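What the coordinates show
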Amino acid sequence: MSAVLKLLLLSAVTLLVSAQGWENYQSLSESIRIHIDKALDKANENFTNHYVAYESLLSEPKITADDFYVNVRLMVTTCKKDKEKGYGHRVECVTQKPKTPWIDCLVCKKENGGELIDCARQVDVRSGRDIRKHCAYRTHGGATVLSQKSGNSKQELGCLGCV
């Protein structure tokens, strides 16, 4: 096979894998599903008498040995809540109930080491929720590789290739 054809085949496979996205709960790793299940428990405790189900990830999850940040979008389904089945992911409940809002849930490690599970209507989250500022990891702003602190606690700015 020519190099061009191999490259084309590799590109097509990569595109297919990325097109699957984060919508399929079963295709996610166990380390991500653990945090999604916490969000499902919280949302099902606080919202409606219908089952709340996983819909998709809102951002790429960040999970390390010391930190985690998982932001998911949930939906109210047409299924009635059933305590015997629990609040974890249910494959039979995938149809969104008409005229119900999306639910945005964030599961993260707080700056003080505790765990934060915050669920709210997605429109309420967009208008700002101060409680989410307590996460140790944030998806916007903050320190990056380009603004690391040196040993003297002075923030240094610049590019890595410039040194």
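Fair warning: this is a prediction, and the values are worked out from it, not measured in the lab. (Residues numbered from 1 in each chain as written. Predicted model: local features only at pLDDT ≥ 70, side-chain atom pairs only at ≥ 80, totals over all residues. Heavy atoms only, no water.)

Next up on the list: the environment of Gly88. Within the element layout of this structure, Gly88 appears in the loop between strand S3 (68-80) and strand S4 (103-109). For the pair Gly88 and Ile34, spaced 54 residues apart in sequence, the C-alpha to C-alpha distance is 9.6 Å. The contacts of Gly88, once residues within four sequence positions are left out, are Asp37, Leu40, Asp41 and Tyr51. (Helix = DSSP H or I, 4+ residues; strand = E, 2+ residues; numbered from the N terminus. Contact = heavy atoms within 4.5 Å.)

For the coordinates displayed, the defined rule picks out two aromatic pairs. Aromatic pair Tyr69 and Tyr137: ring centres 5.3 Å apart, planes at 70°, arrangement edge-to-face. Separated by 68 residues along the polypeptide, Tyr69 in strand S3 and Tyr137 in the segment after helix H3 (122-126) bring together distant segments of the chain. In this structure Tyr137 comes out as partly exposed when scored by relative accessible area, which is 26%. The ring centre of Trp102 lies 4.4 Å from the NZ or CZ of Arg73, which sits over that ring. Lying across the ring of Tyr51, Arg90 places its NZ or CZ 4.7 Å from the centre. (Phe/Tyr/Trp six-rings, centres within 6.5 Å; stacked < 30°, edge-to-face > 60°. Buried < 20%, exposed > 50% of the residue type's maximum accessible area, 1.4 Å probe, protein only. Lys NZ or Arg CZ within 6 Å of the ring centre and 35° of its normal.)

Right, let's talk about the pairing of strand S5 (residues 115-121) for a bit. Note: S4 against S5, seven bridges, orientation antiparallel. The residue of S5 that forms the bridge with Lys109 is Glu115. Linking S4 to S5, which pair antiparallel, is a turn of five residues; within it Gly113 sits at a positive phi near 95°. (Pairing = 2+ DSSP bridges.)

With respect to the helices and strands, the residue Asn71 is situated in strand S3. With relative accessibility at 10%, the residue Asn71 sits in the buried group. Separated by 2.7 Å, the side chains of Asn71 and Asp104 make a polar contact. Each residue touching Asn71, except ones within four places of it in the same chain, is listed here: Leu57, Leu58, Ser59, Asp104, Cys105, Leu106 and Arg132. (Polar contact = N/O pair within 3.5 Å; in protein donor to acceptor, adjacent residues only side chain to side chain.)

Next up on the list: the environment of Phe68. With respect to the element layout, Phe68 can be found in strand S3. In this structure the C-alpha to C-alpha distance between Phe68 and Lys110, which are 42 residues apart in sequence, comes to 9.2 Å. Beyond its immediate sequence surroundings of up to four residues, Phe68 is in contact with His35, Lys62, Ile63, Val107, Cys108, Lys109 and Glu115.

Honestly, that's just the spatial picture; any functional story needs more than this.
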